[in-house]
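Structural characterization, general
Here is what each chain is made of, one letter per residue.
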Amino acid sequence: MELKLALRFMRGRRRSLVRFTSAVAIVGIAAGVASLIFAQALARGFQSEMQEKILANTPHISVFRQDGSKIANWEQISETIRQIDNVRAVFASDQEPVLLSGPDSANYAVVRVSNSNKSAGEVSVGAELAAKSGLKQEDKAEITTLENDSTPKTTAVRVSSLLNTGFFEYDSTWIIVSPDIFIKLFGNKEFLPSVLEISVGDIYESSATAAQIRKQTGGNFRVVDWQEANRPLFAALSLERRAALVIISLIIFVAVLNIATTLALLVNERRRDIAVLRTCGAMAKTIVAMFVIEGLILGLLGVISGILLGLSACLIANYFRLLNLSAEVYLLSYIPLRPAAIDVLTISIFTLVLCLIATIYPSIKAAGVKPLENLRDGA
């Protein structure tokens, strides 16, 4: 009965002010919900892209000596680590700063090597670095190193391929080479790594795997998993996401206040109808339920409109690739929006709870309408 009465009141003739505040409330809630869905999809998309790029181009776990020296017995240590559960592969790696010279300019670069590079003579130059230096695939380039930390040494190499990770910081500085090229560049007798790069099966169990590796390698080594290495970055992204949630929630809060205003105006407008209902035996809880339902209907209309608007905005932005960024500033050139069902559900429930709270005071005021006084005044 309460639902029927609420729908009858909503369909009944209203003053223009009540209609206006109702429309403002629905539009405000829709705008707030849509903005929250868009903001959460943006934050989730940015964090996911960063995580994917980091995991695709850096090790899940890194093992290196506390003093930063080379690992002489790396093969023995690698074999020990491979016996640990969740470890999928172990690669010996090293990196050194160099100067890359091409037809256009000379640029700072970092040479990275791993024994996972099986092909002899391989030299992959980051796409952004190659563009700055004026290099293309199969071009000749010069890499300058410091021999004995003092004497410059220049080595001619051929660019086998261009490296395009989608991560500006990597593409603008990295040169990936095979172990034989690394030995040639730095004049070493053999390849001795400074880091052991470990790939794991379950990336979310990397912390536990790193703890097991620490027990096996002892106190002379430091073991860092990808979560620990990137904790400041992900903490900053999480803080930004929460801040956006709080700020945009204010839009919904203001819109919800319009529901309270609408119901208060409606109670004043329908005082005679409420008095008739009370005279006919309607209980106070019926009147309260009637206005609560009406407020929730307004909130539900706003939430549904907001969900449709927010998801549509995400689809359009992804389809036309609207969120293109400056890679030099944001590291990524494009961010896909990734709305999640859990975010949409949480935002919807949060909004409806606020709407429910906003209906309490006007509903209690409606239940307190005195039948005889209002019928006498309206007669």
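First things first, this report covers the structure right here in the doc. Residue numbers restart at each chain and count upward from 1, following the sequence in its written direction. For this predicted model, a pLDDT threshold of at least 70 governs which residues receive local features, and a threshold of 80 or more governs which side-chain atom pairs are given and counted, while totals over whole chains, interfaces and linings are taken from all residues. Calculation of side-chain values draws on the structure's entire complement of heavy atoms; hydrogens and water are dropped beforehand.

A short note on the nonpolar core
With 54 residues, the main nonpolar core has Ile-81, Leu-100, Ile-175, Leu-196 and Ile-198 as its most contacted residues. Working rule for contacts: check all heavy atoms of both residues, and any pair within 4.5 Å makes them a contact. For Leu-100, the residues in contact, after removing those within four places along its chain, are Ser-105, Ala-106, Asn-107, Ala-109, Val-125, Leu-129, Ser-133, Leu-135, Ala-141, Glu-142, Ile-143 and Ile-175. Counting 32 residues, the second-largest nonpolar core is a separate cluster that includes Val-256, Leu-277, Ile-307 and Cys-355. Nonpolar core, defined: a set of buried Ala, Val, Leu, Ile, Met, Phe, Trp, Tyr and Cys residues in which side-chain atoms within 4.5 Å join the residues together. A 1.4 Å probe rolled over the protein chains alone gives each residue an accessible area, and that area as a share of the maximum for its type sets the label: buried under 20%, exposed over 50%, partly exposed in between.

A few points about the packing of helix H9 (residues 231–269) against helix H11 (residues 284–319)
For helices, the fitted line uses only the C-alpha atoms of the stretch in contact; every axis is such a line through C-alpha atoms, and the angle between N-to-C directions lies from 0 to 180 degrees. Where helices and strands are cited, they refer to DSSP runs of H or I of at least four residues and of E of at least two residues respectively, numbered from the N terminus. Remark: H9 packs on H11, axes separated minimally by 10 Å, with the N-to-C direction vectors making an angle of 140°. Put simply, H9 runs oblique to H11. For the element pair H9 and H11, the recorded crossing hand is right-handed. Here Ile-259, Thr-262, Leu-263, Leu-266 and Val-267 of H9 lie close against H11, whose contacting residues are Phe-291, Glu-294, Gly-295, Leu-298 and Gly-299. Here the angle decides the label: under 35 degrees means roughly parallel, over 145 means roughly antiparallel, 65 to 115 means roughly perpendicular, and every other value means oblique. Here is the rule for handedness: rotate from the far helix to the near one, and if that takes an anticlockwise turn smaller than a right angle the crossing is left-handed, while a clockwise turn gives right-handed.

Quick look at a nonpolar patch on the surface
Residues enter a patch when their relative accessible area is above 30% and they make no salt bridge; the linking distance is 9 Å between like charges and 5 Å between nonpolar side chains (Val, Leu, Ile, Met, Phe, Trp, Tyr). In short, Shrake-Rupley with a 1.4 Å probe defines the accessible areas, and a residue's cover is counted only from the protein chains shown. A carboxyl oxygen of Asp or Glu within 4 Å of a side-chain nitrogen of Lys or Arg is what we treat as a salt bridge. Among the surface-exposed residues, Ile-342, Leu-345, Ile-349, Val-353, Ile-357, Ile-360 and Ile-364 lie close enough to one another that they form a single nonpolar patch of about 650 Å² accessible area. Here Ile-342 is to be found in helix H13 (residues 341–367). Residue Ile-342 is classed as exposed on the basis of its relative accessible area of 52%.

Observations concerning the environment of Arg-88
Positionally, Arg-88 belongs in strand E2 (residues 87–101). With a relative accessible area of 58%, Arg-88 lands in the exposed category. Separated by 37 residues in sequence, Arg-88 and Gln-51 place their C-alpha atoms 19 Å apart. Ignoring any residue separated from it by four or fewer positions in sequence, one finds Arg-88 in contact with His-60, Ser-199, Val-200 and Gly-201.

Examining H11
Working rule for helices: expected span equals 1.5 Å times residues minus one. Counted at 1.5 Å a residue, the expected span for H11 with its 36 residues is 52 Å, and the 52 Å between its end C-alpha atoms agrees. Directly beyond the C-terminal end of H11, a positive phi value near 50° is found at Arg-321.

Comments concerning the pattern of salt bridges
One pass over the full model with this rule turns up twelve salt bridges. Between Asp-94 and Lys-70 there is a salt bridge, with its nearest N and O atoms 2.2 Å apart. Placement of Asp-94 in strand E2 and of Lys-70 in the loop between strand E1 (61–65) and helix H3 (74–82) is noted, with a sequence separation of 24 residues between them. The class for Lys-70 is partly exposed, based on a relative accessible area of 36%. Note that Asp-343 is salt-bridged to Arg-241, the shortest N-O span being 3.3 Å. Linking Asp-343 in helix H13 with Arg-241 in helix H9, this pair joins segments that are 102 residues apart in sequence. A network of salt bridges, in which partner residues are shared, links Glu-49, Glu-52, Lys-53 and Arg-338.

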